[in-house]
Amino acid sequence: MTTVPARLYRPKGTTSANVPLLIYLHFGGCVLGDLDTCHTACSLISEQSGCLVLSVAYRLAPEHQFPAALEDTLAAFRWVRTNAHSIGADPTCVAIGGDSAGGYLALAASLCLRDQQQDMPRLQLLIYPVVDMDRRAMPITPYDRNYPLSRADMIWFAEQYMRAPVDAYDPRCSVGRAKSLSGLPPTIMVHAGNDVLLPEGQALGERLAREGNSVTTLNYPSLPHAFTAMSGGVPRAREALVEIANTLSAHIKASAQGRIER
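Let us look at the structure shown here. (Residues numbered from 1 in each chain as written. Predicted model: local features only at pLDDT ≥ 70, side-chain atom pairs only at ≥ 80, totals over all residues. Heavy atoms only, no water.)

1. A word on the packing of helix 2 (residues 68-83) against helix 3 (residues 101-115)
The interhelical angle for the contact between helix 2 and helix 3, taken along N-to-C directions, is 70°, at an axis separation of 9 Å. In terms of orientation, helix 2 lies roughly perpendicular with respect to helix 3. The handedness of the crossing between helix 2 and helix 3 is right-handed. In this structure, helix 2 contributes A69, L70, T73, L74, F77 and R78 to the contact, and helix 3 contributes L105, A108, A109, C112 and L113. (Axes fitted to C-alpha atoms, helices over the stretch in contact; angles between N-to-C directions. Helix = DSSP H or I, 4+ residues; strand = E, 2+ residues; numbered from the N terminus. Parallel < 35°, antiparallel > 145°, perpendicular 65-115°, else oblique. Left-handed = near helix turned anticlockwise from the far one by under 90°. Contact = heavy atoms within 4.5 Å.)

This is the structure in structure tokens:
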């Protein structure tokens, strides 16, 4: 049995049981990062949304290549669903999300659960997610040399993550290659304007909506990739995280009352 490290964030003053929970997966190309990578973001999201946040330290490449990180994500979701009451969470109100590689893992997990006809997350929070791992085949964008993530960086991350180039054709690795994106949880889609992942993220959000999913889009044109890690020094990044957390809270409440429309 694999043990997956995780860190639980609980809003101050929360004493009730059956609190909604967000499983959060950090950025880093499935190669870099740990529980401290998104500590500030998870703390802020928990406080602002009123949700528990479980940050998951999935296994990283190149020591653990695809599909290890996805397996850990699914294990975390299933553990929470089974053990929610032991941590004060509502097993029927478990969301999943993350930024960049974490957003990819969240969507890949939802796809796997859908295809296996298992319980899915209440909603998914996709913050500038990675959509395709065959970076060399991706169209040139105006953001290819942007800081802190460039096209060359993405090619390197993908090469570390995949066991072989053929993995890029697997929709569990390149979520945009799934034959269908229908039947997925309501989605909060977050875009950063100065981001090499912006075009594919926009296309993903449009496709999710076109295939019948509920999609709420938050756009931050002035912010770069990885702004979730900048809230301590960039006021606009903090404002964006607060808005994301408030949107998450509103959607969970609406979902619980059956008021999210498709």
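2. Observations concerning the sheet that holds strand 1 (residues 6-9)
The mixed open sheet is built from 7 strands, whose spatial order is 1-3-2-4-5-6-7. Of all the strands in the sheet, just strand 1 and strand 7 (215-224) have a single pairing partner and so form its edges. Pairs of neighbouring strands in the sheet enclose a mean axial angle of 20°, with direction left out of account. Strand contacts of helix 2: strand 2 (19-25), strand 3 (52-56) and strand 4 (89-99), with the helix running at about 160° to strand 4, the strand carrying the most contacts. Across the sheet, helix 5 (residues 198-210) is in contact with strand 5 (124-127), strand 6 (187-194) and strand 7; its angle to strand 6 comes to roughly 155°. (Pairing = 2+ DSSP bridges.)

3. Structural notes on the side chain of T187
Tracing the backbone shows T187 in strand 6. Of the residues examined, T187 reaches a relative accessible area of 0% and is grouped as buried. Looking at T187, its side chain comes within polar contact range of the side chain of Q124, at 2.9 Å. Among the polar contacts made by the side chain of T187, one reaches the main-chain carbonyl oxygen of P185 at a distance of 3.1 Å. Residues contacting T187, with those up to four places away along its chain left out, are Q124, L126, L208, S214, V215 and T216. (Buried < 20%, exposed > 50% of the residue type's maximum accessible area, 1.4 Å probe, protein only. Polar contact = N/O pair within 3.5 Å; in protein donor to acceptor, adjacent residues only side chain to side chain.)

4. A short note on the pairing of strand 2
Of all the 7 residues making up strand 2, 6 are buried; the element is thus mostly covered by neighbouring parts of the structure. Looking at chain direction, strand 2 and strand 4 are connected through 6 bridges and run parallel. Within strand 4, the residue paired with Y24 across the bridge is G97. Pairing of strand 2 with strand 3, which is carried by 5 bridges, proceeds in the parallel orientation. Bridge pairing in strand 3 places L21 opposite L52. What joins strand 2 to strand 3 is helix 1 (residues 39-49), and the crossover it makes is right-handed. (Right-handed = clockwise from strand over helix to strand, strands pointing away.)

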